[in-house]
Structure formats: structure tokens, C-alpha cells
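# Topology and contacts: notes
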Amino acid sequence: MIETTPQTGGELTATEEPGSHSHEEHSHDEHDGHSHGQAILNPDCTREVEIEIPAAEVSRNFDAVTKRYKKMARIPGFRSGKVPDSLIRGRFAEQIRQDVMEAILPGHFRTAIEERHLKPVSQPQVTNIELEEGKPLRFKAAFEVVPDFSIDGYQDVKVEKPSTELTEAEFDAELARIRDSRATMEPVTEERPLADGDFAQISFTGTVQAAEGEAESDVPPQPITGQDVLVQIGGPNTLESFNAALRGASVGQQLRFEVSYPPEFGERQLAGKRVAYDLEVKGIKTKIEPELNDDFARELGEYESFAAFTQQLREHLAKDKQRRVESETTNRLLDALVTRYEFPVPESLVQQQVDARLDRGLRALAAQGMRTEDMRNLDFDRLRAAQRAPATAEVKGSILLDRIADVENVHVPEAEVENELHGIAGQLREGVETLRTRLTEDGSLARIRERLRREKMGALLYERLAFS
């Protein structure tokens, strides 16, 4: 589902480059975040309005702006407020033109789109500005809208709903994971060879061998080393070569053997390589798992007994599976709807969603420890291109949810918005009213309403169109 949505209403701003004159085209788009050039619009979603503002209104605004500059201007040889209008208009010509446009254009643009029942989803691109004092102001504004299209038959789209019931196997697996997380590694004191299930404590040096036809210079010169590494004999993540070499070995024994790593091996530097290892067994350890009893439960939290813990765990897992299955099924349902309906998508919304996906990806990389300077060296053109297809599908899914919600007359009560605001305020430790004001001013409150409405529509589709 789309993560960011535009501020609807198409807030229009007009900016001209220094030295520009009337009858020339100028770019006024601020939406794409670039400092040069206009954002690319999808022609199938682009609408354009031509607006003319009467000369009398233009003159009134020139007079009003000139008077304001006259009060503020400090020009040698003239007392404050006594500078001639002609000098003010000559000295501050470009600034006055800019202020006049910013005073007049937005209101007339809003009126024009309201009269035409248009809802821009991108910042308008203003061109062909004709502005001279005493003459009508003319300009064109191009912007994107969500196109009209039919959603006939959406009720016929069906997807299978997996069971949401928690199975005993799922419960047992999670309990085993929790138990394993509390396990301790204890040294084996008796003298005996390594057996399946044991953890061998090893130190090793590995040398990558040149493959047939491969030059020695192509082989990494640095050996692969490890100290006091634990390897489980017969463990699910242990290569069979290590199992075969270590099984039956004793503490203090030194081993030499080779390992051929499969091409699909997880570590790229070893994938498809042949490595000769010199290894020493330093010790044997065994995993001791805690007993599943009341003491175990109390270590995990404020539980009176193991039975109380398992009951709460079961309830938590059941709710989590319910949410997960509903989310996954709703997403598959949206995918089916996106596949069924073909319609043009506003490019501005696609680019917003690409930005959102990239931002999420970069935050994940930062959380994993990637440095800022390394992020700057990423190929962002390639990354953006890779995000385009999924971003487009997400935008289409959100547009479809909005359109179906219109048909179904789905609304979000103010009480639900209020609950959401209280939740956000609690997370941010900010006053509700302060948060409301801030989110209203930057358009985020409208986007929260959109998100809640889409979530409600998605839940409604899940109930109606998903079958067991």
C-alpha cells in the first residue's frame, strides 16, 4: 500500500528567474525535489487550465505591493515613506512582480480547478505568464490528476484466504525458539570425541585454492581465520565437509582438510571457492536448555506460572497470525485488482512512492551500520529504476482502494482519527493539540485520514472477497 500521498488541492506558487520577462515560459514546479527543470508529468493524467485575471485587479495589487515596499524602503536622499512610486517600482521591479504573482495566482488557480471539479495530485507547473501593470494577467498551469476509469466487476475478484488458526506446530516452534534463546553453552569436561549435537570450539586458518585455469593472482592473498568459533556437529547450518572432519575428533587435535563451497553459498567471497583449512579443536561445548517450568516463566516476565506464560504466548501468536494472514491476503487481493484494471498513473505519485521506498531502504541500511559516506556512493539512478515497478503497483493499489471506497461510501469517523492522533502523540511525547496543529499545517492530517480510509476499505474487501 502506498506510503506517502500528495497534498491535494495543488498549492500553486509562482517564481520567476532573475531577469525574466512576460511572454516567456518559466518552470514553477517544486514537487520533484530537483533544483532544475520541470517534473515529468504523465500526459494521460495531465490537465491544463488557462487563466486570465482582470487588469483592474492586477493594478490594485501592484499598487498595494508598491505601497508596502515604499514603507519599508530605505533609500539615501529620501525620508522613510516618501520615496516616489516610480523609483520604488524601478528599484524593486522583480521583487514586486514576484509578490504580485504570489498574491494573485494561487486564489485564481484554486477557483479555476474548483469550477472544473479537478483535484490536482501534483504541484502545478506554471507557464506562459503574461504580467504587465495595467493589463490582464494571463498564465497556464499544468498538473496531474487521478484519471477516471471504470471499476466494474471489482466484486468478482476473489483470492483464497489461508487458515488463521494457530497450529500446535507453530506454537511449539516459537516456544522452542524462546527456550533456545535462554540456553547456555557449557564446556564438556569429560575426555571424549566430538559427536553429533556437540559444539566444537575451533580456531582455524583457511587458504583459498586456485581453481583449474585460474591464475594465482586471482586468488585472495589474505587467509581466512577464526578464533574460538563454535561449530555444531551435524547442525543445520554446518557444511558436511566440517561435519565429516570434526566428527570423532578430540580436544587438542589438529586437522587438515579442504572444503568446496557451493556457488550459491551465502558468503560471496567463498561461493564457488575451494579452501584448504588448518584447524585445531580447542574444546567441546554442549547446549543446556532451561527446563520449561514456573521458574523459566518468571525469568521471562511477570508470570505467575508456566501455564500463565504459555496461555499468553498462545494468545499473542494467534493474534499475530490473524493480522499477518489478513495483511498478506489483502495484499494479494490488491495485486489481483491491480492486474485486472489498466489505467494511467500520475507520474508525480509514482516518484513520491519511489522516494518513500528508497527512504525506507536507506534507513534499513543505516540501521545495519552502513556509513553515510558509503550511502552517497550508491548508484541512485539504478536504485530508483529498480523501485519503479513496485512503486507503480503500490500507487495503483491505493488509487483503486480510494475509488472503491468512494463507491462503497466508506468514511472514517473523527473518533478514529482522534484515536490515531492520541497514539502518535504518545509515541512522540507531544501534546495532542500541538500535534494536531502541526499535522494540519503540513498536510499530514489529511494523509492520515487517507491511510485510515484505505485500511478500512482493505479490511472490508478482505471480509467480502477472500474465501477459505
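Within every chain, residues take consecutive numbers counted from 1 along the sequence as written. Thresholds applied to this predicted model are a pLDDT of at least 70 for local features of residues and 80 or more for the giving and counting of side-chain atom pairs; totals over whole chains, interfaces and linings are not thresholded and use all residues. Only hydrogens and water are set aside; all other atoms, that is, all heavy atoms of the structure, feed into the side-chain values.

Next up on the list: the packing of aromatic side chains. Stacked, edge-to-face and tilted are the three classes for Phe, Tyr and Trp ring pairs, Trp counted by its six-membered ring, which pair at centre distances within 6.5 Å; planes under 30 degrees apart are stacked, over 60 edge-to-face, the rest tilted. As enumerated under the stated definition, the model contains twelve aromatic pairs in all. Geometrically, the ring pair formed by Tyr69 and Phe92 is tilted, given 5.4 Å between the ring centres and 45° between the ring planes. Taken together, the residues span a long stretch of sequence, with Tyr69 in helix α1 (residues 55-72) and Phe92 in the loop between α2 (85-91) and α3 (93-115) at a distance of 23 residues. Exposure is judged per residue with a 1.4 Å probe applied to protein chains only, and the accessible area is read against the type maximum: over 50% gives exposed, under 20% gives buried, and values in between give partly exposed. According to the relative accessible area criterion, Tyr69 is buried, its value standing at 13%. Site record: aromatic cluster; members linked through ring pairs are Phe204, Phe242, Phe257 and Tyr277. Note on criteria: charge over ring means Lys NZ or Arg CZ within 6 Å of the ring centre, with the direction from the centre no more than 35 degrees off the ring normal. The ring of Phe343 has Lys396 sitting right over it, with the charged end atom 5.0 Å from the ring centre. Geometry around Phe149 places Arg403 over its ring, the cationic atom sitting 4.5 Å from the centre. Helix and strand labels come from DSSP, where a helix needs a run of H or I of at least four residues and a strand needs a run of E of at least two; each type is numbered from the N terminus.

To continue, consider the environment of Arg247. The residue Arg247 is located in the loop between α5 (240-246) and β8 (254-260) in this model. Remark: the alpha-carbon pair of Arg247 and Pro193, spanning 54 residues in sequence, is separated by 7.5 Å. For Arg247, the contacting residues outside a window of four places in its chain are Leu194, Asp196, Ile233, Gly234 and Glu240. Think of a polar contact as two N or O atoms within 3.5 Å of one another; within protein, one of them needs to be a possible hydrogen donor and the other a possible acceptor, and neighboring residues in sequence only count if both atoms come from side chains. At a separation of 2.7 Å, a polar atom in the side chain of Arg247 contacts the side chain of Asp196. Residue contacts follow a heavy-atom distance rule, with two residues in contact if any of their heavy atoms lie within 4.5 Å.

Looking now at the pattern of salt bridges. The term salt bridge refers to a side-chain nitrogen of Lys or Arg lying within 4 Å of a carboxyl oxygen of Asp or Glu. Taken as a whole, this structure holds 42 salt bridges when the rule is applied. Taking the shortest distance from any N to any O, the salt bridge between Glu416 and Lys456 comes out at 2.9 Å. Placement of the pair is Glu416 in helix α11 (residues 414-428) and Lys456 in helix α13 (residues 444-465), with a sequence separation of 40 residues. Assessed through its relative accessible area of 29%, Lys456 is described here as partly exposed. Salt bridges linked by common partners bring Glu52, Glu130 and Arg138 together as one network.

Expected span, for any helix, means 1.5 Å times one less than how many residues it has. The end-to-end C-alpha separation of helix α4 (residues 168-181) is 20 Å, in line with the 20 Å expected for 14 residues at 1.5 Å each. Along α4, the positions that sit buried rather than exposed are Phe171, Leu175 and Ile178. The buried residues of α4 occupy an angular sector of 60° when projected down its axis, which confines them to one face. Where α4 is buried, its residues contact α6 (294-300) and α7 (306-340). Here, the arc refers to the directions that run from the helix axis to the C-beta atoms.

The subject of this paragraph is unusual backbone geometry. Here the phi dihedral of Asn128 falls at roughly 50°; this positive angle occurs in a residue that is not glycine. Along the chain, Asn128 turns up in strand β2 (residues 125-130). Phi angles above zero are rare outside glycine, and Asp228 is one such case at about 55°. Its location among the elements puts Asp228 in strand β7 (residues 224-232).

Turning to its location among the elements, Ile75 is positioned in the loop between α1 and α2. Classification of Ile75 by relative accessible area gives buried; the value is 8%. Separated by 16 residues in sequence, Ile75 and Arg91 place their C-alpha atoms 9.9 Å apart. Filtering out sequence-adjacent residues up to four positions away, Ile75 remains in contact with Val83, Leu87, Ile88 and Arg91.

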